[in-house]
Amino acid sequence: MKELITISKLTIGYQKCAIVKDISAVVMPNELICLIGRNGQGKSTLIKTLCKLLPPISGNVTINSNNLFNLSDNEFSKLISVVLTSKINIYNTSVKEFVAYGRYPHTNWIGKLTETDQGLINNAIELCGINHLVNRDFSSLSDGEKQKVNIARAIAQHTPIIILDEPTAHLDLVNNIEIFKLLKELTQTHQKTILFSTHHIESAIRMADQLWVVENGIFYANTPKQLVDQNIINQLFCNSGISFNNQTMIFDYNH
Amino acid sequence: MLILIVSSILLFLTDIFLGSVQIPFKSILNILTQSGNEKESWQIIVLNNRLPKALAAVLCGAALSVSGLQMQTLFRNPLAGPYILGISSGAGLGVAIFVMGFSIFGISMASYSFLYNYGLVLFSFLGSLLVLLILLGAIYRLKDIMTVLILGIMLGSIITAFVGIIQYFSFDSQLKSFIMWTMGNLSGVSNQQILIITPILLLTLIWSFLVSKQLNLYLLGEDYAKTMGLNVKKFQLTIILITAILTGVVTAYCGPIGFIGIIVPHLARMLSKTSNHQLLTPLSVLLGINVLLFADIVSVLPNYETVLPINAISSFIGIPIIIWIIFKNKRITNVG
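What counts, and where the lines are drawn
- Residues numbered from 1 in each chain as written.
- Chains lettered and ligands numbered in written order.
- Predicted model: local features only at pLDDT ≥ 70, side-chain atom pairs only at ≥ 80, totals over all residues.
- Helix = DSSP H or I, 4+ residues; strand = E, 2+ residues; numbered from the N terminus.
- Rg over C-alpha atoms; globule rule 2.2 N^0.38 Å.
- Buried ≥ 20, exposed ≤ 12 C-beta atoms within 10 Å, placed from the backbone.
- Contact = placed C-beta atoms within 7 Å.
- Pairing = 2+ DSSP bridges.
- Domains from an automatic or database assignment.
- Core = buried A, V, L, I, M, F, W, Y, C linked by C-beta atoms within 7 Å.
- Axes fitted to C-alpha atoms, helices over the stretch in contact; angles between N-to-C directions.

**Considerations on the overall build of chain B**
Working step 1: Within chain B, the secondary structure is distributed over 14 helices and 0 strands.
Working step 2: Going from the N terminus to the C terminus, chain B shows its helices and strands as α-α-α-α-α-α-α-α-α-α-α-α-α-α.
Working step 3: The C-alpha atoms of chain B give 20 Å as radius of gyration, which agrees with the globular expectation for 336 residues (20 Å, within 12%).
Working step 4: Principal-axis analysis of the C-alpha atoms places the extent of chain B at approximately 65 × 55 × 35 Å.
Working step 5: Residues counted as buried form 47% of the 336 residues belonging to chain B.
Working step 6: The long-range fraction of contacts in chain B, counting pairs at least 24 apart against all pairs at least 6 apart in sequence, stands at 79%.

Next up, the structure:
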């Protein structure tokens, strides 16, 4: 199989101030990739750079051998759908209408939804289990519900790649596991390639095909097992009273 | 929607019917349809005075409302509007420079009526464009949209001060015509001016409808809009251009008319319960026409001898509605 995304020698940051240097990684189709790291290490910066919301300082990213940074906004929107952490304040819009936003890059100038579009919208609603919400107003939803609806929107956008910035940030344990399972399912049975950042390291280790770690300006990419064996996961929280148990694959609190 | 179309036609006819000279309704219809022989003085009053005034109300109402709707989406602020953000003031500056500024240097524009009419529109448009561009520049630097609003108000004040200086150095006759202009006046619009602004405004209104889809997408926020295929910078410039044309052109001849641009989009959202601009744009056009025709009718009602300045009426109607909106749904801080 041919690689889908290739990142080579990418340096990211704000205004020439590099946060993470020399990022190199290869993503194969249908992989689930979790990006982990402590707060302020550059997870969001990396996500934003890959979503073209932030220009890279140097380096290159190719998707299907096309340079990511040369894609037009429209070409991008048909290749990658994005779920960000920024709050969406939109009123007088039903959940169904919100999910339909995912079809915007594909519709004509007036935004007319064809039967195919309707099918994809319903499909996304089904997948995310938000059938009971469709007639509610988006602004009346809880944070967790909003997150699911927004993910449904991204699925309706029907792109081979989905990138999410901390999709489980505001969710309780049940919602959290549901989202992980949903994302895993999408890569296994719906030919999606998914990259998302998360703080739920244990779940990430269990579910991800590949883990990306940012730590002190250094980027690691490998299978979860390799990273655990190399003790990189354990180093994440050194000096903080928490250590990762390489056998049980969970964190221990040191007393 | 249909009700609004019917009511705007009714208000349009009422607006033509009312005035300091009483003309029977049947004669007015005859004059408008050019059938039957009516008194020549009546014909002049209806065709050269009341008809252009009513048409001006229609055009102003539509243009200012759509301009307000788009500004509220662009600035993601419910209080945005041509008047509050200082864009009308910008247009005023353009007009002040044109009407009074040139005469300071001994050039009198009023003597070339053709040039005068076009120049007025151009300068008014450039004035509003200037303010909008400054505001847009501010949006790039200041992420907080509330600050941008305050900046707009500040900008409006500075411009007013600047206009004051121009006024100080200008001649009495021009000063008076400028002061009259600032009060907002639909009846000052001539048939020739209507002919100039109608095609410009119609085309721009069609253009505003064509960007509905982009406006909808922009409601999700800049980042989402960009990742979903919107060329954000190009879009922002487009909206700035549209709103500057709509505000500038209208303000050139009718003066700054307040509050219509703020309240009408809110009324449209409240009536339709939607955030879809494909609906909101035509709805704002219709509501704007209704509201301004109504304001114009009120302005001639109390006293058949004189006409009240339209700006006073629009404030009287507009401000209570804004206050009512604030109290009724406390979510006025949110667009949509």
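**Describing the pairing of strand E9 (residues 210–215) of chain A**
Residue and element names in this part refer to chain A.
Working step 1: Burial runs high along E9: 5 of the 6 residues are buried.
Working step 2: One ladder, built from 4 bridges, connects strand E3 (residues 32–36) with E9; its direction is parallel. Within E9, the residue paired with Ile 36 across the bridge is Val 213.
Working step 3: One ladder, built from 5 bridges, connects E9 with strand E10 (residues 218–222); its direction is antiparallel.

**Focus: the interface of chain B and chain A**
Working step 1: The interface is formed by 23 residues belonging to chain B together with 21 residues belonging to chain A.
Working step 2: Every element with two or more residues in the side of chain B that touches chain A is listed here: helix H9 (212–218) and helix H10 (222–227) of chain B.
Working step 3: Counting residues per element, the side of chain B that touches chain A draws most heavily on H10(B), at 4 residues.

**Some remarks on unusual backbone geometry**
A negative phi holds for most residues other than glycine; trans holds for most peptide bonds.
All names here are of chain A.
Working step 1: Not every positive phi belongs to a glycine, and Ser 65 is a case in point at roughly 60 degrees.
Working step 2: Structurally, Ser 65 can be placed in the loop between strand E4 (58–63) and strand E5 (66–67).
Working step 3: Accessibility expressed as a C-beta count within 10 Å gives 9 for Ser 65, which makes it exposed.
Working step 4: Positive phi, normally seen in glycine, also occurs at Asn 231, with a value near 70 degrees.
Working step 5: With respect to the element layout, Asn 231 can be found in the loop between helix H8 (224–229) and helix H9 (232–236).

**Overview of the domain arrangement of chain A**
Residues and elements named next belong to chain A.
Working step 1: Per the domain assignment, the segments of chain A are domain 1 (1–79 + 161–172 + 190–255) and domain 2 (89–158).
Working step 2: Using only C-alpha atoms to locate each centre, domain 1 and domain 2 end up separated by 27 Å.
Working step 3: Listed by partner, the interface residues are 8 residues for domain 1 and 6 residues for domain 2.

**What about the nonpolar core?**
Working step 1: Counting 162 residues, the largest nonpolar core has A:Val99, A:Ala152, A:Ile163, B:Leu59, B:Cys60, B:Ala63 and B:Val249 as its most contacted members.
Working step 2: It is helix H3 (residues 40–74) of chain B that provides the largest number of residues to this core, a total of 15 residues.
Working step 3: Here this core spans two domains, and each of domain 1 (1–79 + 161–172 + 190–255) and domain 2 (89–158) of chain A adds at least three residues to it.
Working step 4: Apart from residues lying up to four places away in sequence, B:Val249 is in contact with B:Ala63, B:Val121, B:Ser124, B:Phe125, B:Ile197, B:Ile200 and B:Leu201.

**Concerning the environment of A:Glu145**
Working step 1: By secondary structure assignment, the location of A:Glu145 is in helix H5 (residues 143–156).
Working step 2: When the C-alpha atoms of A:Glu145 and A:Ile63 are compared, they prove to be 31 Å apart, with 82 residues separating the residues in sequence.

**Quick notes on the sheet that holds E10(A)**
All names here are of chain A.
Working step 1: Pairing is mixed across the open sheet formed by 6 strands, whose spatial order is E6-E7-E8-E3-E9-E10. On the outer flanks of this sheet lie strand E6 (80–83) and E10, each paired with one strand and no other. Each strand of the sheet is rotated relative to its neighbour by a mean of 15 degrees, with strand direction disregarded.
Working step 2: Relative to strand E7 (residues 161–164), E6 is paired through 4 bridges, and the arrangement is parallel.

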